[in-house]
Every structure is written in structure tokens, then in C-alpha cells.
Amino acid sequence: MNQAAACVSATALCKAFADKNARTQVDALKSIELNIPTGSLTALVGPDGAGKTTLLRLMAGLMKASSGSLQVLGFDVSADPQSVQDRISYMPQRFGLYEDLSVQENLDLYADLHGVPQAERQERYQRLLHMTDLARFTDRLAGKLSGGMKQKLGLACTLVRSPELLLLDEPTVGVDPLSRRELWEIIQQLIDDEQLSVIVSTSYLDEASRCDRVYVLHGGEMLAQGTPDQLRREADDCAFLAVPAEGKPPRELQARLLDAQEQIVDAVPQGGGVRFVTQRDVDNSALQALLGGAHCQPLEPDLEDGFMVLLRRRLGPVEANPEAFEGDGDGRNDEVVIEVRDLVRKFGDFTAVASTSFDVRRGEIFGLLGPNGAGKTTTFRMLCGLLPSSSGSLQVAGVNLRTASASARKRIGYVSQKFSLYANLTVLENLRFFGGAYGLRGRALKQRIDAMLDQFDLRGQEKTPSGQLPGGFKQRLAMAAGLIHEPEILFLDEPTSGADPLARRAFWRRITALAEGGTTIVITTHFMEEAEYCDRILIQDAGKRLAIGTPQQVRELVDEEGGQMSMEDTFIGIVERNRQSDKGAA
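This structure is a prediction, so every number in the text was calculated from the model and none was measured. (Residues numbered from 1 in each chain as written. Predicted model: local features only at pLDDT ≥ 70, side-chain atom pairs only at ≥ 80, totals over all residues. Heavy atoms only, no water.)

## Details of helix α9 (residues 250-258)
Most of α9 is tucked away, with 7 of its 9 residues classed as buried. Within α9 the residues assigned to the buried category are Pro250, Arg251, Leu253, Gln254, Ala255, Leu257 and Leu258. Elements that come into contact with the buried residues of α9 comprise β11 (239-243), β12 (264-270), β13 (273-278), α10 (284-291), β17 (365-369) and α17 (501-516). (Buried < 20%, exposed > 50% of the residue type's maximum accessible area, 1.4 Å probe, protein only. Helix = DSSP H or I, 4+ residues; strand = E, 2+ residues; numbered from the N terminus. Contact = heavy atoms within 4.5 Å.)

What follows is the structure in C-alpha cells.
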């Protein structure tokens with residue numbers, strides 16, 4: 001097949017699934033048309049439920065289309081899926097590593113499954129282990145690897161044979177910025193060295209901007225397609241950066257802009273200000289009133305700006321009721337509600353958290369950031385009372401967690417990365433269970449369930465098992481379950497992992513309103529843009545505290561140009577500087 005030929009082409013491609021509850025069919029893909037050249041890097045983007053994973057699974061021959069045609073590497077994938085599967089590699093969102101096998105044993109297992117000849121294995125292994133920087137860890141159990149290392153091992157296992165086409169479904173979900181950058185360097189090296197065709201679905205629009213072509217899906221339909229440059233032009237002359245007056249948190253301006261949908265398409269904190277996109281027919285006087293004197297300058301649009309314009313054009317105004325999300329507290333004040341002093345956690349001889357100290361105040365949004373394996377999840381679990389500390393003092397909501405964790409837990413809410421929902425229980429049953437677990441009964445429980453159904457837009461889903469909900473609905477249900485008892489402190493462990501930009505905006509609009517109402521928020525995240533919503537952030541690595549302060553104070557630690565560096569570049573700079581210092585000391 002020559003370089004100009006298509007590696008994937010689809011005509012009027014449709015896929016429908018039966019909805020057993022409603023006894024109807026759900027159209028996952030509707031009349032998709034695409035033509036992807038050989039040797040290209042292609043991105044599939046779109047909101048939760050857009051059809052990205054379904055399209056990848058059709059390409060991989062793992063399911064059959066309902067109608068239309070799909071050609072992959074010149075084969076009709078419906079008629080001859082095996083010929084396609086012999087020539088491609090596919091890495092799904094939850095890649096199946098065997099955690100009780102070592103890195104090398106996982107590679108050997110997948111080489112056996114794919115029938116890779118013994119003569120080819122060693123050279124292939126050496127190349128993959130070098131690219132993924134896993135050569136030092138071949139004897140380590142996969143279950144003992146950090147999240148980023150697991151993703152790199154998953155990619156290596158996917159590539160134990162040399163495919164003609166690589167399909168990647170959200171390969172960087174739950175991966176820190178350093179590991180994310182390394183994964184993309186590996187992918188680019190494969191394209192450059194082996195002329196590999198790669199199709200990737202992603203929630204990160206900065207990743208999609210690396211690609212030759214981007215396909216935007218929504219509700220199973222092809223909303224737009226083009227180069228990243230063509231798609232970002234949808235927001236030409238509409239992108240701006242506003243910097244609020246000193247002392248004003250950017251998230252307050254961002255919330256005000258997001259609520260004004262007649263004037264504003266999108267708004268997100270960036271570099272100490274707010275990046276926003278206006279409607280084309282924006283009323284300038286109304287815009288100035290919204291900005292409230294904030295200094296404003298035009299920006300070149302990026303791919304995410306164009307993406308949000310396309311989505312808002314399709315969706316129209318989204319009904320917003322920010323008052324519904326406000327907490328019942330007394331608002332923000334200087335009361336310390338979490339006090340950590342010299343906190344240490346050891347697992348045998350391994351120190352996961354080394355003498356960490358910090359305070360969190362009422363109504364504050366406090367971010368815990370760090371690479372995979374940095375110790376932030378261990379810190380987080382100790383704060384929640386889920387894991388005892390080895391030494392140090394820890395007070396949460398006025399209670400010493402080392403001696404009275406049960407009483408403290410009644411005053412906190414917790415939303416885990418994997419959403420601790422009961423898949424076989426319906427939305428309503430989950431809310432009843434969690435409300436009852438927190439001591440709510442009778443009329444009080446019913447009132448809180450009604451409030452949660454309204455606040456998190458779950459009406460109409462009450463009888464749906466939570467395991468059948470799309471990711472965005474699962475996130476909202478997990479939030480509702482964590483807030484049903486009106487906690488003083490809400491702990492959120494990577495709650496937006498895998499969420500698209502639209503879902504992340506809605507999530508943070510709720511969080512901002514909760515904080516303004518007095519709820520204290522402690523959050524871990526790998527989306528560095530989300531650190532901009534925080535009042536203060538703590539960056540850890542190898543169990544040590546590297547930096548703490550407002551986003552601006554942390555930026556100024558590495559940015560000599562005045563603190564306008566992106567938070568992702570700031571994070572990488574701080575972590576890499578510390579690691580170089582440790583190497584020098586060693």
C-alpha cells in the first residue's frame with residue numbers, strides 16, 4: 001500500500017446498541033465519513049458519549065457495524081476482522097496488565113499471545129524498554145509500578161509486534177504531565193522511525209493539536225474535521241486573556257464569564273488570568289461590565305478554543321443554576337480546618353511521605369499535585385482517615401485523625417478517582433445507600449436525595465444502574481453521593497480524569513460555588529490547568545514537599561519572566577529541577 005493510500009476509510013458508518021431498559025436502540029455512531037491517510041497521526045476528540053471508543057473498537061474488528069462500510073488497511077473489517085487484527089495493535093482505556101507478573105513477564109506473555117518469533121523478541125524488547133525507560137525495572141512486578149510506568153508498559157506490550165496501525169484509546173488518562181510528555185515522545189518516535197499510522201482518542205486538546213488531522217465527534221455524529229490549525233480558526237478574533245485586579249482570584253471572574261452564555265463561549269483560568277472566548281456578535285458594553293475592570297488582551301486561538309466554539313454552536317446555551325451548587329456554610333474565612341505537621345508514612349523500609357507540613361483554611365480550594373508515585377495519593381488517604389500515618393500530627397475538622405478518625409469522617413465527603421459507586425445499584429439506590437451510611441434517615445434523607453438529583457442534573461436517570469451510566473453521569477453521581485450529608489470538607493481524588501473539556505468546566509463551576517459557600521475542597525489532579533482554580537497548591541515528588549503557595553507564587557519559583565508560564569511547564573520545571581538536584585547530591 002503506498003503512502004498516499006488510506007489506512008482507514010468509512011462511508012455512512014453506523015452503530016446502534018439495544019437499550020434494554022427503554023427497549024429501544026441507541027445510535028452510538030450515525031453515518032460517519034472519514035478517510036485517514038497511511039503514516040499519519042490522527043486524533044478523535046469529543047465529549048463523553050461522543051462515540052470515540054465505539055469507532056476505535058469497530059476499526060479494531062472487535063464489534064460489527066450496524067450499516068455502512070469500514071475499510072482498515074485495505075480490508076473490509078466486517079467481512080475479515082482477523083486480517084485486520086493480524087496487522088494492528090490496539091490499546092484500550094483499561095489495558096490488561098498482569099499485576100502479579102514482572103515487566104519482562106508481561107512482555108513475554110504478550111509476545112506469546114501475538115506469536116512474535118523468538119528470533120525477533122530481544123531486539124524488539126530492547127528497543128521498547130529503552131524508549132519507555134523501563135530497562136531498569138524488568139524484574140519489578142507490574143502492580144508495583146506507578147500509573148505513568150504502567151501506561152508505558154501497556155504501550156510496550158501493545159507494540160511487542162510491529163503493527164501497521166496503532167489504535168490508542170485515551171492512553172494518557174490518569175497520567176502526570178511528565179509521563180504524558182514521555183508517552184507522546186515515544187509515539188512520535190514510532191511514527192518517525194517506523195512510519196507507523198496512529199489513531200488516538202484523547203480528552204487533552206493540547207495532545208490533539210500535535211496530530212496531522214482531528215475528527216470532532218458529538219452524539220455519534222461527525223461535528224467537524226480538519227487540521228488543528230483549521231479547527232482553531234473557528235475562534236479567530238474571539239480569544240482573549242483577562243487579568244483581574246490584584247488580590248482577586250481568577251476563578252471568580254471565570255465563573256462570572258461562564259454564566260453569561262449569551263456573550264461568552266468559554267472561560268478557563270490561565271497564567272494568573274482567565275482565557276475566554278466570546279460569541280461573534282458579543283455586546284461590547286455587556287462584555288466590559290462582565291470583566292469588571294480586568295485588563296484584557298487578544299490571543300491567538302488554540303485548538304481547545306475552536307473545539308468549544310464548535311460544541312457551543314451545536315449545543316446552544318446550557319441552562320445554568322449556579323446558586324443551586326452553593327454550600328450552606330458561612331463562606332470563606334481564616335479558620336484552619338486541616339492542620340498537618342511533620343506527617344510521615346512508611347511502608348516497611350519505603351518512605352512514601354517524608355515529613356510533610358501544611359494548613360488548609362475554611363472555604364479554600366487546596367490542590368495536591370505531583371507525578372505518579374510522588375506520595376500525593378498516600379497523603380490524600382491519610383487526610384481522609386483511610387490510612388493511618390506512621391508519625392506526625394494530623395487534625396481534620398478539629399479532630400485528631402490518629403485517635404478519632406471515625407468522628408472526623410462524618411464531617412468529610414470523599415470522591416475517589418474510580419468513583420466508589422455500586423454498579424448494580426440504580427442512581428436512586430446509590431444515593432439512598434450513601435445517605436444512610438452517613439446517618440441520614442426518613443424525611444431528611446428524601447430531601448437531600450431530591451436536592452442532589454436537581455443539583456447534579458440526574459433527573460430521569462433515577463432507575464438506571466450506575467454501572468450503565470456514561471462517565472460524565474458517573475462523575476456527577478459520585479459527587480452527589482459525596483455531598484449528600486453536606487460535609488464541611490470535600491476530598492476529590494482526580495475527579496476529572498478522562499473527562500472532556502465541557503464536563504471539566506461544568507464540574508469546576510460546581511466546585512467554585514461550593515467553596516464560595518464555605519465548603520473546603522482538597523483535590524488531586526493531573527490536569528495542570530485545574531491547579532489555576534486552586535487558592536493554593538502543594539507539589540510533591542518522592543514523598544517530599546517541593547513547593548507550596550498560590551499558583552502565582554509557585555509559577556514565580558521557575559518563571560523569571562514575571563510568572564506568566566503555564567502551570568504544566570511550571571510543574572515540570574519544579575519536578576525536574578528537584579530531580580537534577582537529587583542526582584547531583586547523590
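## Structural notes on the packing of helix α14 (residues 427-437) against helix α16 (residues 471-483)
For the pair α14 and α16, the least separation of the axes is 9 Å and the interaxial angle reads 25 degrees. With respect to their mutual orientation, α14 and α16 come out roughly parallel. Crossing hand, α14 versus α16: right-handed. Residues Val427, Asn430, Leu431 and Phe434 of α14 touch α16, and the partners they reach there are Leu477, Ala480 and Ala481. Among the residues forming the contact of α14 with α16, the class breakdown is 6 nonpolar, 1 polar and no charged. (Axes fitted to C-alpha atoms, helices over the stretch in contact; angles between N-to-C directions. Parallel < 35°, antiparallel > 145°, perpendicular 65-115°, else oblique. Left-handed = near helix turned anticlockwise from the far one by under 90°. Nonpolar A, V, L, I, M, F, W, Y, C, P; charged D, E, K, R; others polar.)

## Some points on the sheet that holds strand β6 (residues 88-91)
Strand order in the open sheet made by the 6 strands is β6-β7-β8-β3-β9-β10, with mixed pairing throughout. The sheet is open, and its two borders are formed by β6 and β10 (221-226), each paired with just one other strand. Adjacent strand axes in the sheet meet at a mean angle of 15 degrees when their direction is disregarded. Sheet analysis places strand β9 (residues 213-218) next to β10, joined by 5 bridges and oriented antiparallel. Paired with leucine 217 across the bridge in β10 is methionine 222. Against the sheet, helix α1 (residues 52-59) makes contact with β3 (41-45), β6, β7 (165-169), β8 (197-201) and β9, and its axis sits at roughly 150 degrees relative to β7, the strand it touches most. Taken strand by strand, helix α11 (residues 303-315) contacts β3, β9 and β10, and its axis lies near 30 degrees from that of β9. (Pairing = 2+ DSSP bridges.)

## Overview of the sheet that holds β11
With antiparallel pairing, 4 strands are arranged side by side in an open sheet as β12-β13-β11-β14. Each having just a single partner strand, β12 and β14 (295-298) make up the two edges of the open sheet. Across the sheet, the axes of successive neighbouring strands diverge by a mean angle of 25 degrees, strand direction being ignored. Summarising the sheet, β11 and β14 pair through 4 bridges and their orientation is antiparallel. Directly across from phenylalanine 240, in β14, lies its bridge partner proline 298. Here α10 sits on the sheet in contact with β11, β12, β13 and β14, set at roughly 160 degrees to β13.

## Quick look at the side chain of glutamate 532
In this fold, glutamate 532 is placed in the loop between β22 (520-524) and β23 (536-541). A polar contact of 2.8 Å, which involves the side chain of glutamate 532, links it to the side chain of arginine 555. (Polar contact = N/O pair within 3.5 Å; in protein donor to acceptor, adjacent residues only side chain to side chain.)

## Topic: empty space enclosed by the protein
For the coordinates displayed, the defined rule picks out 1 cavity of 30 Å³ or more. Roughly 40 Å³ of volume is contained in the largest cavity. Taken together, Gly174, Tyr204, Glu494, Thr496, Ser497, Thr525, His526, Phe527 and Glu530 form the lining of the largest cavity. Along the lines of polarity and charge, the residues of the lining of the largest cavity split into 2 nonpolar, 5 polar and 2 charged. (1 Å grid on protein atoms, 1.4 Å probe; cavity = no way out; pocket = protein on both sides within 12 Å on 5 of 7 lines; lining within 4 Å. Points joined across faces, edges and corners; volume = space filled by probe spheres on them.)

## So, the domain arrangement of the protein
Assigned domains within the protein: domain 1 (6-227), domain 2 (231-315), domain 3 (331-411 + 490-516 + 524-585) and domain 4 (418-486). Taking only C-alpha atoms into account, the centre of domain 1 sits 34 Å from that of domain 2. Every contact between the two is made by 15 residues of domain 1 and, on the other side, 8 residues of domain 2. The contact between domain 1 and domain 2 buries some 1,000 Å² in all, and 77% of this surface belongs to carbon and sulfur atoms. (Domains from an automatic or database assignment. Buried area = accessible area lost by both parts, 1.4 Å probe.)

## Details of the pattern of salt bridges
A side chain with one charge can pair with a side chain of the opposite charge if their charged atoms come near. What the rule picks out here adds up to 42 salt bridges. A salt bridge links glutamate 182 to lysine 152; the nearest nitrogen and oxygen atoms lie 2.7 Å apart. On the criterion of sequence distance, the pair formed by glutamate 182 in helix α6 (residues 177-194) and lysine 152 in helix α5 (residues 147-158) is long-range, its members being 30 residues apart. The exposure class assigned to glutamate 182 is partly exposed, which follows from its relative accessible area of 30%. Between arginine 504 and glutamate 529 there is a salt bridge, with its nearest N and O atoms 3.6 Å apart. Taken as a pair, arginine 504 in helix α17 and glutamate 529 in the loop between β22 and β23 lie far apart in primary sequence, 25 residues in all. Using a relative accessible area of 2% as the deciding quantity, one classes arginine 504 as buried. Under the relative-accessibility criterion, glutamate 529 is labelled partly exposed at 24%. Each of the salt bridges in this network shares a partner with another, and the network as a whole consists of Asp229, Arg232, Arg233, Asp236 and Glu300. (Salt bridge = Lys/Arg side-chain N within 4 Å of Asp/Glu carboxyl O.)

## Digging into unusual backbone geometry
Even without being glycine, leucine 73 reaches a positive phi, approximately 55 degrees. Along the chain, the position of leucine 73 falls in the loop between β4 (67-72) and β5 (75-76). At glutamate 170, a position not held by glycine, the phi torsion is positive, near 50 degrees. Secondary-structure assignment places glutamate 170 in the loop between β7 and α6. Glutamate 170 sits in the buried class, given a relative accessible area of 7%.

## Here's the deal with the confidence of the model for the protein
The predicted structure's coordinates, where accompanied by low pLDDT, should not be read in detail. When pLDDT is averaged along the protein, the result is 87; 93% of the residues meet or exceed 70. Helix α8 (residues 228-232) holds the highest mean pLDDT among the elements of the protein, 97, whereas helix α13 (residues 405-409) holds the lowest, 68. The low-confidence segment residues 322-329 (pLDDT under 50) makes 17 contacts with residues lying over four places distant or belonging to another chain. (pLDDT = per-residue confidence, 0-100.)

## Remarks on the pairing of strand β16 (residues 350-361)
Inspection of the sheet shows strand β15 (residues 336-347) paired to β16 by 8 bridges, in the antiparallel sense. When the sheet's bridge partners are listed, arginine 345 is paired in β16 with valine 353. In this antiparallel pair of consecutive strands, β15 and β16, the connection spans 2 residues, and glycine 348 shows a positive phi of 65 degrees.

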